[in-house]
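Understanding the architecture of this molecule
Listed below, chain by chain, are the residues.
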Amino acid sequence: MSPTAAARQIDPPANGLSSHAGIYHYDQVDRDFLKERVEQFRRQVARRLAGELTEDEFKPLRLMNGLYLQLHAYMLRIAVPYGILTSRQVRQFGRIARQYDKGFGHFTTRQNLQFNWIKLVDVPAILDLLAEVDMHAIQTSGNCIRNVTSDQFAGVASDEVVDPRHYAEVLRQWSTLHPEFSFLPRKFKIAITGSSADRAAICIHDVGLIAKRGADGTVGFEVYVGGGLGRTPFIAKKLRDFLPEDELIAYLEAVLRVYNAYGRRDNIYKARIKILVHELGIDAFRDEVEAEFARMPVAQYRLEPAILDGIRTRFASQPYEALEPISGILARARLEDQAFNRWVRTNVAVHRQPGYAIATITLKPAGGIPGDVSADQMDVIADLADRYSFGEIRVTHEQNLVLAHVRQDDLPALWKALADIGFGEANSGLITDIIACPGLDYCALANARSIPLAQRISERFADLDRQHDIGELKIKISGCINACGHHHVGHIGILGVDKKGVEAYQLTLGGSAAEAGAIGDILGPALSADETLDAIDAVVGVYLDQRQDGERFLDTLARIGHTPFKDKVYAAH
Amino acid sequence: MARVTDAPKVVTANRLQDGAVVWLTAAGDWSIRVADAQVQTDASSAEAALGIARASAARQEVVEPYAVDVVVEATGPRPLKTREWIRAAGPSIDAIPTAA
Amino acid sequence: MPLIDSGKLVDDAWVRLGDDDALPAADVPVIVSLARFHKDRASLVGRNGGLGIFLASSQHPKDIADHLADFALVALDFPKFRDGRGFTIARELREHLGYRGIIRAVGHTLPDQYLALVRCGVTQVEIPEGRDPALWAHALAEISTAYQVSVAGPLSMARLARHKKTEHAA
Ligand code: HEM
Ligand code: SF4
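These lines cover the structure that appears in this document, whether it is placed above or below. Since the structure is predicted, the reported quantities are computational estimates derived from the model, not experimental observations. (Residues numbered from 1 in each chain as written. Chains lettered and ligands numbered in written order. Predicted model: local features only at pLDDT ≥ 70, side-chain atom pairs only at ≥ 80, totals over all residues. Heavy atoms only, no water.)

1. Observations regarding the site of ligand 2
Selection rule: Neighbouring residues are identified by heavy atoms, a residue being near a molecule or strand if any of them is within 4 Å of it. Classification used: nonpolar for Ala, Val, Leu, Ile, Met, Phe, Trp, Tyr, Cys and Pro, charged for Asp, Glu, Lys and Arg, polar for all others including Gly.
Neighbouring ligand 2 are the residues Cys437(A), Pro438(A), Gly439(A), Cys443(A), Leu445(A), Ala446(A), Ser478(A), Gly479(A), Cys480(A), Asn482(A), Ala483(A) and Cys484(A). Split by residue class, the shell around ligand 2 holds eight nonpolar, four polar and no charged.

Structure (structure tokens):
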């Protein structure tokens, strides 16, 4: 421990909770529940192994517990509620990775963690280890309400209006093993934010919630519905402008009841709520929801302020020190070290607390596998979180991690420690900060590999001077139309397709997951992996040639249109 | 998926207990090496092999067996489709992230 | 098919009547389709044995809302266990329509769904021949925490409501 760290040993909060900031602390009810749930799954595994359950019957049960059968092994997806972890939990991931996987884990675009090399027979033991640290794999798959996602800067962003974490926790508890909504037509994903800047990709979720304040200061939600990617991408439509806080649960129940009753079950590709909303039209859908809502005994579903207060007290406080708003240490380090300065520019965001900063750890080293973290790296990150960020770590939907409460004075030391484990790259939001799904190297549904392509792009653009010159440019890669890699909303999206048995890639330009959201347009015929690399070079080249001062890639694209890019990419064809 | 082709075939599945990729051998059991797989050159022997595999699935040994097109090389059968050779050979990428 | 009620195997006196089957003696309780009900309403209602209605998962409770008083039993079909419409239909019968008779799940359900069915208001479940009924009995006790409101439990915010007391026992 550094001397400064020792000097500000954090006192355990008075309420007896451990000192991890920003984390909901389980109570006995949560723990008892989790124990029972692990035992239930242990028996389900035993019944499957004994032949009392067929694979067809077992599959939805294991999926409800985040367990997939992939190409080479089972994959276990662990829920990280709204993307926030304690250092203790991250260390436990490391332990599981060593003991039951090949020594690493993979952070996903849904802020979760996946282990790719799991044995079915080991899963109950792994769930025991997870339960030790208040974690589980419930509802990370299956046609149920999935793990709720949120803004990775929740509670610390300077542009935040309402802290979404407490509502996310309400949603976590409410959706856990929901008796009515565990066999929906299809999966159901809810995202929530409380900021004007949307870092949670609200517009591509089944339900997106933006917490805000009414004229009288009370909290309410702007409700969006029917967003999603996959085969038929849709940007969500607005369902309600201001849903009062205490009606949150009742209203969501109404939305889900309408979906469960009327969502299509005849065709898996038309089963998401986005199709129901599209086929009915948003107004007719809203009428159905409001009619259901009006019939409900709303008082029984009322989210009383006292419940929220109770939940708030189970979040440990963030014991900030009173600091000068401007750190001399930081300013000096930025002047002295260009590389550090660059990292601060891309990977550090403004904190609402004077003297603090939000640091993004991009899990995208040059040529690396997006989102992969080894057990040793997990241990180091957990230590760094203890030392510099109240023991708290967040996962972003861009497959990165965040330390959300770093003293500006500590940034130089943090960066050095990160660089030591290969995660000091100054590339957050840049062209090598690529999202990639597991693709054909792991995934049973894939058409093409995603990871090796991401690695090659990352190598091709490894030069940081060039990356910083190019500026904000998001590449997102999916190995098939299910769009786990969000390719539709990539500034440059890459979709793996099967061209007569050969892997090929289709490019889209102009997608965005920020505020308004946009689905990218297909640039032209699919390309080989080599051609795709050249095509990205060509696209970047056109942008650099044509951009006017201050324009980001998306701005230039919006001004000059697709044609110049298309002409350049397909010139040789 | 189930397109009928004339290519020689091997039968594969994932093992129930650990999910490992396995290949049906001439002895009617499962090997984790594709080189051990018995190659079926006509439709009726392929169907018979699938029957053996399905019986094995019914005994909770493997999950969802199916036949895969291969070419037979000196080292043994090699699956034609990318998906299947990745299953046979493991991920095409370094499975362990590069820690500095 | 074996019938489970409150976790126990019970005798089934009810007869599923095909649309063209002759009516049995008046003291035999029968379950009929909605079509049969509309066709033979006069002779069906008021039978001593009781009348049950069969609802396909694509049929809606509002189709029977006006006649609920006629039915001692509503049978909800689960054509496959993944078709979860019956959960919403059962809850709607209880919560919105105030139905107090028997709700029976027929078709394909798993013991692992039994607790959720009960919490949505289902009282009886038909199970496949040859399955161990103990699995259903066990399923009722498997998970004792319910985070949500349900028609079978206390009509409050259920376990979310515990936070009102703000206990700090971690
Ligand atoms: C490897 C095993 C995986 C399988 C079999 C799988 C399967 C699927 C399927 C079938 C869909 C489309 C669902 C639909 O539209 O109804 C989907 C969507 C999605 N998956 Fe995956 N996935 C896998 C891994 C991942 C990973 C690793 C991530 C995160 C990096 C991820 C994130 C997503 C997201 C964000 C969507 C959303 C698209 C939407 O909401 O429409 N998945 N996945
Ligand atoms: S996008 Fe396709 S290939 Fe990629 S993880 Fe999802 S299902 Fe698999």
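2. Details of the interface of chain B and chain A
Quick reminder of the rule: Residue contacts are counted whenever heavy atoms from the two residues lie within 4.5 Å of one another. The quantity reported as buried area is the accessible area (1.4 Å probe) lost by two parts once they are put together, taken as the sum for both. Each salt bridge in this description consists of a side-chain nitrogen of Lys or Arg and a carboxyl oxygen of Asp or Glu lying within 4 Å of one another. Whenever a nitrogen or oxygen atom comes within 3.5 Å of another N or O atom, the pair is scored as a polar contact, on the condition that within protein one atom can donate a hydrogen and the other can accept it, and that pairs from neighbouring residues in sequence are kept only if both atoms are in side chains. Segments assigned H or I by DSSP are reported as helices when at least four residues long, segments assigned E as strands when at least two residues long, and all are numbered from the N terminus.
Residue-level contacts link 27 residues of chain B with 36 residues of chain A. Taken together, both faces of the contact between chain B and chain A bury some 2500 Å²; the carbon and sulfur share is 61%. Our enumeration of links across chain B and chain A arrives at zero salt bridges. On inspection of chain B and its partner chain A, the count reaches seven residue pairs in polar contact (both at pLDDT 80 or more). Mapped by element, the contributors of at least two residues to the side of chain B that touches chain A are strand E1 (9-15), strand E4 (62-73) and helix H2 (82-89) of chain B. For the side of chain B that touches chain A, the leading source of residues is H2(B), giving five residues.

3. Points about the coordination of the iron atom of ligand 1
Put simply, the ideal angle at a metal is 109.5 degrees for four donors in tetrahedral geometry and 90 or 180 degrees for six donors in octahedral geometry. The following threshold applies: Metal donors were taken as nitrogen, oxygen and sulfur atoms no farther than 2.8 Å from the ion, or 3.2 Å where the ion is Na, K or Ca. Water is excluded, so coordination may look unfinished.
In this structure the iron atom of ligand 1 is ligated by exactly one protein donor, Cys484(A) (SG), at 2.1 Å. Structurally, the position occupied by Cys484(A) is in the loop between strand E17 (475-478) and strand E18 (492-499).

4. Some details on helix H18 (residues 553-560) of chain A
All names here are of chain A. Here is the rule: Using a 1.4 Å probe on the protein chains alone, a residue whose accessible area is under 20% of its type maximum counts as buried, one over 50% counts as exposed, and one in between counts as partly exposed. To be clear, the arc concerns the directions from the helix axis to the C-beta atoms.
Taken together, the buried positions of H18 are occupied by Phe553, Leu554, Thr556 and Leu557. Looking straight down H18, one finds its buried side chains confined to an arc of 160 degrees; they lie on one side. At its buried positions, H18 is contacted by E18, strand E19 (502-509), helix H17 (529-546) and helix H19 (563-569). Just past H18, the residue Gly561 takes up positive phi, approximately 80 degrees.

5. What to know about the site of ligand 1
Residues and elements named next belong to chain A. Around ligand 1 lies a shell of 21 residues, among which Gln70, Thr109, Lys187, Leu229 and Cys484 are the nearest. One nitrogen or oxygen atom from the side chain of Arg186 is found 3.0 Å from an oxygen atom belonging to ligand 1. With respect to ligand 1, the backbone of Leu229 contributes an N or O atom lying 2.8 Å from an oxygen atom. Its residues placed into classes, the shell around ligand 1 shows seven nonpolar, eight polar and six charged.

6. Focus on the environment of Ile64(C)
All names here are of chain C. The topology assignment puts Ile64 in the loop between strand E5 (51-55) and strand E6 (73-78). When the C-alpha positions of Ile64 and Leu93 are compared, they lie 9.7 Å apart, and in sequence the two are 29 residues distant. Those residues in contact with Ile64 that lie beyond four places of it in its chain are Leu34, Ile53, Leu55, Phe71, Val74 and Leu93.

7. So, the sheet that holds strand E2 (residues 8-10) of chain C
Residue and element names in this part refer to chain C. Let me state the cut-off plainly: In short, DSSP must find at least two bridges between two strands for them to pair.
One open sheet holds the eight strands; their spatial order is E2-E1-E8-E7-E6-E5-E4-E3, and the pairing between them is mixed. Taken across any chain shown, the strands that pair with only one partner, and hence form the sheet edges, are E2 and strand E3 (15-16). By the bridge criterion, two bridges tie E3 to strand E4 (residues 30-33) in an arrangement that is parallel. Within the sheet, the bridge partner assigned to Arg16 lies in E4 and is Ile31.

8. With respect to the packing of aromatic side chains
This is how the line gets drawn: We call Phe, Tyr and Trp rings a pair once their centres come within 6.5 Å, taking the six-membered ring for Trp, and we label the pair stacked below 30 degrees between planes, edge-to-face above 60, and tilted otherwise. Counted as over-ring charges are cases with an Arg CZ or a Lys NZ within 6 Å of the ring centre that also lie within 35 degrees of the ring normal.
Going through the model one piece at a time under the given rule, you end up with 18 aromatic pairs over all chains. Between the aromatic rings of Phe183(A) and Phe87(C), the centroid separation amounts to 5.9 Å while the plane-to-plane angle is 10 degrees, which identifies the pairing as stacked. Here Phe183(A) is found in the loop between helix H6 (165-175) and strand E7 (190-193), whereas its partner Phe87(C) is found in helix H2 (residues 85-95) on a different chain. Across the pair, exposure class does not vary: Phe183(A) and Phe87(C) are buried alike. Through pairs of rings, three or more aromatic residues link up here, namely Tyr24(A), Tyr26(A) and Phe315(A). The side chain of Lys102(A) reaches across the aromatic face of Trp117(A), ending 3.7 Å from its centre. Residue placement shows Arg231(A) over the ring face of Tyr269(A); its charged tip is 3.6 Å from the ring centre.

9. Observations regarding the arrangement of the chains
Here two pairs of chains are in contact, and chains A and C lead that list by number of contacts. Considering only C-alpha positions, the minimal separation of the non-contacting chain B and chain C is 17 Å.

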